[in-house]
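Coordinate analysis (summary)
Listed here are the chains, written in short residue letters.
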2 protein chains.
Amino acid sequence: MSRTSLLVVAHGSRRTASNDEIRQLADNLRQHTVDHYHSVRCAFLELAEPSIPDGIQQCIDDGATTVIVVPYFLSAGRHVAEDIPREVATKQHEHPAISITIAPYIGAMPELLSVVLGAARANPD
Amino acid sequence: MSRTSLLVVAHGSRRTASNDEIRQLADNLRQHTVDHYHSVRCAFLELAEPSIPDGIQQCIDDGATTVIVVPYFLSAGRHVAEDIPREVATKQHEHPAISITIAPYIGAMPELLSVVLGAARANPD
């Protein structure tokens with residue numbers, strides 16, 4: 001069994017519903033990957049809980065030896081380039097035996113093209 | 001030939017590079033859909049040009065009779081729920097003969113799950 005956990009990191013919002021969308025996404029991911037990832041959680045850069053360090057700690061408490069942080073951001077701004085790496089580095093320093101890696105932010109994935117086209121084809125809201 | 005144009009609407013950023021990511025996305029979409037969409041453009045809610053009304057106008061000037069607006073947003077906040085519909089409604093009122101529809105925002109698309117998993121599998125940055 002893999003000891004790799006996935007941590008989806010979003011910006012966080014003052015709107016509870018927006019944060020709940022991320023929690024729902026993490027739940028859905030967990031259900032789709034029970035055979036693959038040890039656990040799937042989410043964390044927020046600001047305005048919501050858990051924080052990124054707390055989210056990484058939860059993964060470690062789950063028993064993960066590897067944590068993959070996926071930035072749930074569409075563009076490579078300061079949050080992706082500086083804030084997330086800084087928070088991850090602090091936690092990595094605390095837990096040198098755990099491998100914590102940062103995946104590409106989702107806006108960098110070419111598959112987003114088909115998501116946009118899928119939305120265009122879907123019935124309008 | 002379809003007379004349907006696609007308008008990808010993003011928030012807009014003070015960072016030129018973030019806005020250019022959206023322009024690149026629109027270019028890539030255009031290249032992938034030359035047989036399907038009359039034109040593919042992008043527009044920004046704020047902080048960058050063109051605005052949403054100007055972007056819709058560009059599609060109409062291209063010759064489109066239908067414009068599909070795709071909100072390039074991850075969560076259904078005020079921008080998606082109120083601001084984009086308001087800007088679209090104004091333009092629709094100006095051009096009653098043109099069909100302008102708003103597609104689901106991309107955060108609502110279930111395919112995002114596989115984008116997150118693809119990012120997790122990709123080599124870390």
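Residues numbered from 1 in each chain as written. Chains lettered and ligands numbered in written order. Predicted model: local features only at pLDDT ≥ 70, side-chain atom pairs only at ≥ 80, totals over all residues. Heavy atoms only, no water.

Helix and strand counts for chain A come out as four helices and four strands. Listed N to C, the secondary structure of chain A is β-α-β-α-β-α-β-α in terms of helices and strands. The C-alpha radius of gyration of chain A comes to 15 Å, within 12% of the 14 Å expected for a compact globule of 125 residues. When its C-alpha atoms are laid out on the principal axes, chain A stretches across 50 × 35 × 30 Å. Expressed as a percentage of its 125 residues, the buried residues of chain A come to 52%. Contacts spanning at least 24 positions in sequence make up 73% of the contacts within chain A whose residues lie at least 6 apart. Summed over its atoms, the accessible surface of chain A is roughly 5800 Å², and 50% of this surface lies on carbon and sulfur atoms. Treating the 10 positive side-chain charges of chain A as one cloud and the 15 negative ones as another, the clouds have centres 1 Å apart. (Helix = DSSP H or I, 4+ residues; strand = E, 2+ residues; numbered from the N terminus. Rg over C-alpha atoms; globule rule 2.2 N^0.38 Å. Buried < 20%, exposed > 50% of the residue type's maximum accessible area, 1.4 Å probe, protein only. Contact = heavy atoms within 4.5 Å. Areas by Shrake-Rupley, 256 points an atom, 1.4 Å probe, with all protein chains shown as cover. Lys, Arg positive; Asp, Glu negative; His and termini not counted. Charge placed at Lys NZ, Arg CZ, Asp CG, Glu CD.)

Moving on: the interface of chain A and chain B. If you look at the interface, chain A gives 42 residues, while chain B gives 42 residues. For the chain A face of the interface with chain B, the top three residues by lost area are L74, L113 and V116 of chain A, together amounting to 17%. Counting across the chain A and chain B interface gives six residue pairs in polar contact (both at pLDDT 80 or more). Of all the elements in the fold, those that place two or more residues in the side of chain A that touches chain B are β1 (4–10), α1 (16–32), β3 (66–71), β4 (99–102) and α4 (112–121) of chain A. Classifying every residue of the side of chain A that touches chain B by side-chain character gives 26 nonpolar, 10 polar and six charged. (Buried area = accessible area lost by both parts, 1.4 Å probe. Polar contact = N/O pair within 3.5 Å; in protein donor to acceptor, adjacent residues only side chain to side chain. Nonpolar A, V, L, I, M, F, W, Y, C, P; charged D, E, K, R; others polar.)

This brings us to the confidence of the model for chain A. Chain-level statistics for chain A give a pLDDT mean of 94 and a share of 97% at 70 or above. Here the predicted complex carries an ipTM of 0.94, next to a pTM of 0.91. (pLDDT = per-residue confidence, 0-100.)

A few words on the relation of the copies chain A and chain B. Superposing chain A onto chain B requires a rotation of 180° together with a translation of 0.0 Å along the rotation axis, leaving an RMSD of 0.0 Å. These values place the two chain copies in the arrangement generated by a two-fold rotation axis. Residue by residue, 100% of the interface of chain A is reproduced at the interface of chain B, so both copies engage with the same surface. (Least-squares fit on C-alpha atoms with pLDDT ≥ 70 in both.)

The subject of this paragraph is the layout of surface pockets. Roughly 1300 Å³ of volume is contained in the largest pocket. Lining the largest pocket are 35 residues; nearest its centre among them are H11, F73 and H79 of chain A together with H11 and F73 of chain B. Secondary structure elements with two or more residues in the lining of the largest pocket: α1 and α3 (78–94) of chain A together with α1 (16–32) and α3 (78–94) of chain B. The residue inventory of the lining of the largest pocket, partitioned by class, reads 13 nonpolar, 16 polar and six charged. Roughly 210 Å³ of internal volume is contained in the second largest pocket. Lining the second largest pocket are 14 residues; nearest its centre among them are E21, L25 and N28 of chain A together with G107 and L113 of chain B. Residue assignment for the lining of the second largest pocket shows that the elements contributing at least two residues are α1 of chain A together with α4 (112–121) of chain B. (1 Å grid on protein atoms, 1.4 Å probe; cavity = no way out; pocket = protein on both sides within 12 Å on 5 of 7 lines; lining within 4 Å. Points joined across faces, edges and corners; volume = space filled by probe spheres on them.)

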